[in-house]
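# Examining the three-dimensional arrangement
Okay, here's what each chain looks like letter by letter:
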Amino acid sequence: MIEQLHHLVEQQARREPAAPALLFRDQALDYAALSDASRAAAHGFLQQGVEAGDRVAVYLPKQPETVIALLGASTAGAAFVPVNPALKPAQVAYILAHCAVRCLVTSRQRWQALREAVGECPALQSVVLVDEPAADEADARARLLRARSRDLSNTGTVQAREDYNVLVEQRPDDGRVRLYRAELNMRQGNIEAAQEDLNALSERTDLDASVRVAAWNFRGVIQLKKNNLSFAAMALRQAVSAGAGSSDPLVVRPLAEAHHNLGHALFLMNNFQEAHTHFKRHESLAPQAGLSVGPDDYYNLAITAYLSGRYSVARSYFAKSDPQLRAKAAKILDDPGINNKNFH
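Residues numbered from 1 in each chain as written. Predicted model: local features only at pLDDT ≥ 70, side-chain atom pairs only at ≥ 80, totals over all residues. Heavy atoms only, no water.

## A word on the overall build of the chain
Summing up its helical and strand segments, the chain has 16 helices and 6 strands in all. Of all intrachain contacts in the chain linking residues separated by at least 6 positions in sequence, the fraction that spans at least 24 positions is 59%. Per element, the accessible surface of the chain, about 17600 Å² overall, is 50% carbon and sulfur. (Helix = DSSP H or I, 4+ residues; strand = E, 2+ residues; numbered from the N terminus. Contact = heavy atoms within 4.5 Å. Areas by Shrake-Rupley, 256 points an atom, 1.4 Å probe, with all protein chains shown as cover.)

Quick look at the structure:
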């Protein structure tokens, strides 16, 4: 049954193994060779520790290794993240961090330009370089990463076939690929497609807490954007409940975001005291989740505390907020004292 991209290649490899599949300059791969190369790449990713649902980014121009890496990631049960080769290092680093990419496939030259920018990518554990390093390569991290990696063309296809049956086809669907697809659709404005995936994930009780929390959180975000506040609050409460008490970093980040979004929904529903509780929970989880707490967050904490009648608490948070935000609050609440220098 065709469910993923690599299944198309495998099906064609069975039907017409000698038919041309990939042409690049003077190189040609038939479907049998492309299928073998994809499985070899999958084997390499599995040896790297890539697990089902992990993100594998491919930062290469149009060349055979690009196609093989994308198909190999799909074969290994991972979610592939194709990165525009024209992007600058800072833009690539943002994508890698935001997508929590675990493995990056790129060239030595691109890695040299990128390595300084990926310091804020805590999930990145390995880099696969598809070409040979320079003899004078001086970057210790690149050497370390290269030592932990495999060249995509150097993995035996026979062993790959054996491992494929054990390590890939028998893996259960843990929902991570579908969750990632929903997130991409949300960011691209394909809300209906995202909702279809999120609804399906929400109905499953066999998923890891990190997937359930993120799915319910995304459902809440969609409803917030539609101004369906009661539905948003319901979904976000489900997210908070699904992740309550967890210390797993994969759970804590979407959990912190869910608390923040629930606080926002409750604020719009004039439930200021409970909104403050969830904004406070977001503040406490943020360091563990790798999130920053800034003036806007302190403003949310301050204004919900103020509207709940907790003026001393509000005072401490207004002091941490931005002066312009304090001025905004003073105007909205009709309390000039908020913006007075003696208030904080």
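## Here's the deal with the packing of aromatic side chains
According to the stated counting rule, one finds 3 aromatic pairs in the structure shown. Seen in terms of ring centroids, Tyr-306 and Tyr-311 are 5.2 Å apart; in terms of plane orientation they differ by 75°. Their pairing is edge-to-face. On the accessibility criterion, Tyr-306 (13% relative accessible area) is buried. Overall, the relative accessible area of 45% leaves Tyr-311 in the partly exposed class. Sitting over the ring of Tyr-59, Arg-110 keeps its end group 4.8 Å from the ring centre. (Phe/Tyr/Trp six-rings, centres within 6.5 Å; stacked < 30°, edge-to-face > 60°. Buried < 20%, exposed > 50% of the residue type's maximum accessible area, 1.4 Å probe, protein only. Lys NZ or Arg CZ within 6 Å of the ring centre and 35° of its normal.)

## Observations regarding the pairing of strand β2 (residues 27-30)
The pairing of strand β1 (residues 20-24) with β2 spans 4 bridges and is antiparallel. Paired with Leu-22 across the bridge in β2 is Leu-29. Hairpin connection between β1 and β2: a loop of 2 residues separates the two successive antiparallel strands, and Arg-25 in this loop has a positive phi of roughly 55°. (Pairing = 2+ DSSP bridges.)

## Description of the packing of helix α12 (residues 249-268) against helix α13 (residues 272-289)
Closest axis-to-axis distance for the α12/α13 pair is 8 Å, and the angle between their directions is 160°. Taken together, α12 and α13 sit at an angle that is classed as roughly antiparallel. For the crossing formed where α12 meets α13, the hand is left-handed. Residues Val-252, Arg-253, Leu-255, Ala-256, His-259, His-260, Leu-262, Gly-263, His-264, Leu-266 and Phe-267 of α12 pack against Phe-272, Glu-274, Ala-275, His-278, Phe-279, Arg-281, His-282, Leu-285, Gln-288 and Ala-289 of α13. Residues belonging to the contact of α12 with α13 are distributed by class as follows: 11 nonpolar, 7 polar and 3 charged. (Axes fitted to C-alpha atoms, helices over the stretch in contact; angles between N-to-C directions. Parallel < 35°, antiparallel > 145°, perpendicular 65-115°, else oblique. Left-handed = near helix turned anticlockwise from the far one by under 90°. Nonpolar A, V, L, I, M, F, W, Y, C, P; charged D, E, K, R; others polar.)

## Regarding the sheet that holds strand β3 (residues 55-59)
Pairing within the open sheet is parallel, and its 4 strands lie in the order β4-β3-β5-β6. What marks the edges here is a single partner per strand, and that holds for β4 (79-82) and β6 (126-129). Sheet twist, expressed as the mean angle between neighbouring strand axes with direction ignored, is 20°. Two elements, β3 and strand β5 (residues 101-106), share 5 bridges in a ladder whose sense is parallel. By the bridge assignment, Val-56 is partnered in β5 with Cys-103.

## Here we look at the confidence of the model for the chain
Counting all residues, the mean pLDDT for the chain is 81, and 83% of those residues have values of 70 or more. Taken element by element, the predicted model of the chain shows its lowest mean pLDDT in helix α6 (residues 140-147) (36) and its highest in helix α11 (residues 229-243) (96). Confidence drops under a pLDDT of 50 for residues 134-170, and excluding neighbours within four residues, the segment shows 65 contacts in the predicted structure. (pLDDT = per-residue confidence, 0-100.)

## Let's talk about helix α9 (residues 191-202)
The end-to-end C-alpha distance of α9 is 16 Å, a good match for the 16 Å that 12 residues give at a rise of 1.5 Å each. Buried residues of α9: Ala-194, Gln-195, Asp-197, Leu-198, Leu-201 and Ser-202, and no others. All buried residues of α9 project into a common sector of 170° when viewed along the axis, lining one side. Exposed side of α9, more than 90 degrees from the buried face: Glu-192 and Glu-196 are the residues found there. (Expected span 1.5 Å × (residues − 1). Arc of directions from axis to C-beta.)

## A closer look at the nonpolar core
Val-213, Leu-224, Leu-262, Tyr-299 and Phe-318 are the most contacted members of the largest nonpolar core, which has 36 residues in total. For this core, the elements supplying multiple residues, two or more each, are α10 (209-225), α11, α12, α13, α14 (295-307), α15 (311-320) and α16 (323-333). Residue contacts for Leu-224: discarding those within four places in its chain leaves Leu-229, Ala-232, Leu-236, Asn-261, His-264, Ala-265 and Leu-268. (Core = buried A, V, L, I, M, F, W, Y, C linked by side-chain atoms within 4.5 Å.)

## As for helix α4 (residues 89-98)
Among the residues of α4, those classed as buried are Val-92, Ala-93 and Leu-96. Projected down its long axis, α4 shows its buried positions confined to an angular sector of 100°, all on one face. Away from its buried face by more than 90 degrees, α4 exposes Ala-90 and Tyr-94. One or two steps after α4, the chain reaches Ala-100, where phi turns positive at roughly 50°.

## Details of the pattern of salt bridges
Side-chain pairing between opposite charges can occur once the charged atoms of the two side chains come close. Summed over all chains, the structure comprises 10 salt bridges. Close ionic contact of Arg-204 with Asp-206 constitutes a salt bridge, the shortest N to O distance being 2.9 Å. One salt-bridge network, in which partners are shared between bridges, spans Arg-55, Glu-183 and Arg-187. (Salt bridge = Lys/Arg side-chain N within 4 Å of Asp/Glu carboxyl O.)

## Some remarks on the packing of α10 against α12
Closest axis-to-axis distance for the α10/α12 pair is 9 Å, and the angle between their directions is 25°. Of the possible angle classes, the one that applies to α10 and α12 is roughly parallel. Remark: the crossing between α10 and α12 carries left-handed chirality. On α12, the residues that touch Ala-209, Ser-210, Val-213, Ala-214, Asn-217, Val-221 and Leu-224 of α10 are Leu-250, Val-251, Pro-254, Leu-255, Glu-257, Ala-258, Asn-261, His-264, Ala-265 and Leu-268. A class-by-class count of the residues in the contact of α10 with α12 yields 12 nonpolar, 4 polar and 1 charged.

## Regarding the environment of Phe-45
Within the element layout of this structure, Phe-45 appears in helix α2 (residues 31-47). Between the C-alpha atom of Phe-45 and that of Ala-73, which follows or precedes it by 28 residues, the distance is 7.1 Å.

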